[in-house]
Amino acid sequence: MRLKPLLILAAAAAGLYFAPVSAAELRIGFTLDPLTLDPANHRSRETESVLRTMYNGLVAHDPSMKLVPELIESWTWIDPQTMEAKIRPGVRFHSGETMTADDIVFTFTRLLADGAIAGQTSPRKGLLGPTREVVKLNDSTVRFLLTEPWPVLPAMLTFQEVVSKSFTEKAGAGGIATTEDGTGPFKLVQWRRGDSLVLERAASYFGGGPGIPKAGNACIERTIIKIIPENASRVAALLAGDVHIINELPAHDIRTVEANPNTAVMAVNGTRSFFVALNTTKKPFDDVRVRQAANHALNRKLMIDKLLAGRATKLDGVMSPAAFGHNPNLPEYAFDPKRAKDLLTAAGYPNGIDVTLDADGPQKETAEAIAALLTQAGIRTKVAIGEGSQVRTRWAINGKKEGDMWITSWGNGSLDPTDIFEPTLQTGGRGNSAFYSNPKVDALLAAGGRETDATKRAAFYQDAEALIHADAPWIFLWLPQDLYGVSRRLTGWSPAASGWLNLRDVCVQ
Amino acid sequence: MTPVLLLQRVGHLVPVLLGVTVIVFLMMSLTPGDPAEIMLANQNATPAQVAMLRHDMGLDRPLMERFVSFVGHALQGDFGQSLFHRRPVATVIMERLPATIELSVAAMAFALLVSIPLGVMAAVYRGGVLDRLATVGALLGVSLPGFWFGILMLIGFAVNLRWLPVSGAIDFAAQPPGITGLMVVDSMLALRGDSLMNALAHLVLPAITLGLPMAAILMRVTRASMLEVLRQDYITFAEAKGLGRGRIIALHALKNGLLPTVTVAAMETGSLLGGNMVVETVFGWPGLGRLVVESIFVRNYPLVQAAVLLYAVTYVVVNFLADLLYTVLNPRVRM
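Residues numbered from 1 in each chain as written. Chains lettered and ligands numbered in written order. Predicted model: local features only at pLDDT ≥ 70, side-chain atom pairs only at ≥ 80, totals over all residues. Heavy atoms only, no water.

Okay, the interface of chain A and chain B next. In this assembly, 59 residues from chain A lie in contact with 56 residues from chain B. In this assembly, chain A and chain B are joined by two salt bridges. The salt bridge involving Glu95(B) is made with Arg193(A); its shortest N-O contact spans 2.9 Å. At the junction of chain A and chain B, the tally comes to 11 residue pairs in polar contact (both at pLDDT 80 or more). Every element with two or more residues in the side of chain A that touches chain B is listed here: α1 (3–17), α5 (165–178), β8 (186–192), β10 (222–227), α6 (231–239), α12 (388–394) and β17 (405–411) of chain A. With nine residues, α1(A) is the single largest residue contributor to the side of chain A that touches chain B. (Contact = heavy atoms within 4.5 Å. Salt bridge = Lys/Arg side-chain N within 4 Å of Asp/Glu carboxyl O. Polar contact = N/O pair within 3.5 Å; in protein donor to acceptor, adjacent residues only side chain to side chain. Helix = DSSP H or I, 4+ residues; strand = E, 2+ residues; numbered from the N terminus.)

And the structure:
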């Protein structure tokens, strides 16, 4: 190979190409290019993460994932089907125009009306549930009108960003898909498709909401979000000092990143609960003792350590400890194979049981580990791997209900219990793969779904979670963490469960 | 070549493209997974929401109707909307095409510049050290998987030595004004040396990774063909005339020896287009290959169909050009 001339060329190039990087520039290695810059016309978490650096919503999360008003000052429920929001004054778009009630009404009309985006209907419409209309009451107030009670609305508003009416009308559907006029801390300089987004600090940024400390100490002037889809390359870019933050750090690279003196690992609890759904409508899992036995059979700590490099939080209930209405007092299903065998015997299975665990390809390794541990406790488990959509059909609520167990998960991006309890554990819920039905739980969920008083509402879900814990329709597994690799030169940044990049206060030393 | 023959060649394109369209359309449709469900996957959508999105994407129409509509529109240059970008497919592809062209041309240039001299030398000094080294190198070049070799180069030259950049096509600070979208060309048009060096530095690793298998194959083809040619009577005759070795090789042998190389190089463009998908992913290269991979994963039918059609056209055109070049290299061949 004639490598020598190339090496000489490379060496010569190296001297020239490394442009001096000022400390005021932050570079992020990110997995995916945004699909569009139109906040209303996608259903992609990565796209939203990027958009949130340029746009804001009416509601946001504080660092502990508590809901806080962002482009509004407060929200109040007039009645269970009407929510009023007071608009924050003095917020300006990057173009310099002031945000008004009309912009907010326009944003939501665009999301809700069929065919509002040049003939296309916003794929984010479904995230607004029974919201019928948003109307302007006066210059500083808008009202959300719902067709039925929906207290989760404020949490769901975190998924929508406010656009400028005049900009959107002028730019058209094509313009807003490739340029922006948001209210966020950064504005777009250039979107180099597939390569990077170049952002600069927006001087007009209003500084954040209450509960979000006022910005002003952000010391980076420019952010470059470089799109590096391949895991190994993204890690390489971090180790080479080419980027300061990478998302989706693979668990097997944790040690490499930690061993490097210039880099570190940061983690945050995700929002997706993993569990094994147990078919509660047929033998043997129609008996609560067998379901409890299965919960006692797993050594979840060992599994988290071995399979997820320790980067997950053990669950004994339905959802993340950070979620609204989580019950912190749930007892633990301790790893206890003897207890599991006793429970099986009590349920009339002294010789154990034979069952099948359904899983799709990506869950194969975990499923096999679960099967091995269950088998040791007398629940002799075979693993059946299927293609994702086929397995899902097999476990659909209106299906034949033939399976024994299925390892699956449910995301709860809003961190509101409605989003996970109602579909997965209410009788007939669309994701109720355990075919679980408990009238008491149904009543509590119905009450929680109507209640607009936060304290009372939380109590309903805590009670429901306690009942579900005892009924054990699932083998409760874990909540994986989202992993990031960061440069040690980085300060003022921490990852968020929402996946938002939250760059307002970042510094690169 | 007469205009009639040219028309005939263009006419051959029609069945090829139609066949490719049918196959891609059927394969994408038979693959399990529904774009609407994938778009809303992990987002806990209700069946009604999925149904609405499918309608919005036009996926609730029968397969035949969708096919006819796709072909009808494609004939007018309209490839529809990308289901996920929600913009016209043609626009999305055109944004990414220049980077792929740049990388492919660089890889091909690398492959030709390395393989032809090496192949010739290996044939001339058959059995020598260089021949053996080149043969072993070619074997490695063909058998090393691109993604692995790419990451190896990345760790060596970008992470440890820090000579070359890890990813992307050019740094923001060095970016020339966009004219062609090809960074190297734009840098030269703008007369910016810093941009040119920056663009070349970004090109080195991906181009070598992409071009290596092609270089290996071409080296072997050139060597074999040169060995064949060097045994011909007219070479012996030239030697008997007392012509110098270099002159015989450069003027008499090389021209004939390169004929198979041209054919194989044209055929190998196909694997170059395929290799793009891997290399662009590894090096974060903002090209079409990566876009196609991402689109296949999420069943973005319209984009994959249009891109595969584009690949098919490219392949046929490159092979056609190779045939033309053939007639130039060897006047005995008539089309």
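Continuing now.
Turning our attention to the packing of helix α9 (residues 193–230) of chain B against helix α12 (residues 259–282) of chain B. Angle between the axes and distance between the axes: these two values describe a pair of packed helices. All names here are of chain B. In the contact formed by α9 and α12, the axes pass within 9 Å of each other and the chain directions differ by 160°. The pairing of α9 with α12 is recorded here as roughly antiparallel in orientation. Every pair of crossing elements has a handedness; the one defined by α9 and α12 is right-handed. Contacts between α9 and α12 pair Pro206, Thr209, Leu210, Met214, Ile217, Leu218, Val221, Thr222 and Ser225 from the former with Pro260, Thr261, Val264, Ala265, Glu268, Leu272, Gly275, Asn276 and Val279 from the latter. In terms of residue class, the contact of α9 with α12 is made up of 11 nonpolar, six polar and one charged. (Axes fitted to C-alpha atoms, helices over the stretch in contact; angles between N-to-C directions. Parallel < 35°, antiparallel > 145°, perpendicular 65-115°, else oblique. Left-handed = near helix turned anticlockwise from the far one by under 90°. Nonpolar A, V, L, I, M, F, W, Y, C, P; charged D, E, K, R; others polar.)

Right, let's talk about the domain arrangement of chain B for a bit. All names here are of chain B. You can read the domains of chain B as domain 1 (3–75) and domain 2 (90–329). The C-alpha centroid of domain 2 is placed 32 Å from the C-alpha centroid of domain 1. Of the residues lining the interface, 19 residues belong to domain 1; the matching set on domain 2 comes to 14 residues. A buried area of about 1600 Å², summed over both sides, lies between domain 1 and domain 2, and 78% of it is on carbon and sulfur atoms. At the surface where domain 1 touches domain 2, the tally comes to zero salt bridges. Where domain 1 packs against domain 2, one counts zero residue pairs in polar contact (both at pLDDT 80 or more). At 11 residues, the largest contribution of residues to the side of domain 1 that touches domain 2 is made by helix α1 (residues 3–30). Across the side of domain 1 that touches domain 2, the residue classes break down as 13 nonpolar, four polar and two charged. (Domains from an automatic or database assignment. Buried area = accessible area lost by both parts, 1.4 Å probe.)

In this section: the sheet that holds strand β4 (residues 72–79) of chain A. Residue and element names in this part refer to chain A. Strand order across the open sheet formed by four strands is β4-β5-β7-β6, with antiparallel pairing between neighbours. If you trace the sheet from one side to the other, it starts and ends with β4 and β6 (131–138), each paired once. Adjacent strand axes in the sheet meet at a mean angle of 20°, parallel and antiparallel pairs treated alike. Helix α3 (residues 101–112) rests against β5 (82–87), β6 and β7 (141–146) of the sheet, and its axis sits at about 170° to β6. (Pairing = 2+ DSSP bridges.)

Attention shifts here to the pairing of β6(A). Residues and elements named next belong to chain A. Where β6 lies against β7, six bridges are found, and the strand directions are antiparallel. Each bridged residue has a counterpart across the sheet, and for lysine 136 the counterpart in β7 is valine 142. Linking β6 back to β7 in an antiparallel pair, the connection comprises two residues.

Right, let's get into the packing of helix α5 (residues 89–124) of chain B against helix α6 (residues 129–143) of chain B. Residue and element names in this part refer to chain B. Orientation of α5 relative to α6, taken along the N-to-C sense of each, is 130°, at an axis distance of 8 Å. On the basis of their axis angle, the class for α5 and α6 is oblique. For the pair α5 and α6, the crossing hand works out as left-handed. Contacts from Leu118, Met121 and Ala122 of α5 reach α6 at Leu130, Asp131 and Ala134. Of the residues contributing to the contact of α5 with α6, the split by class is five nonpolar, no polar and one charged.

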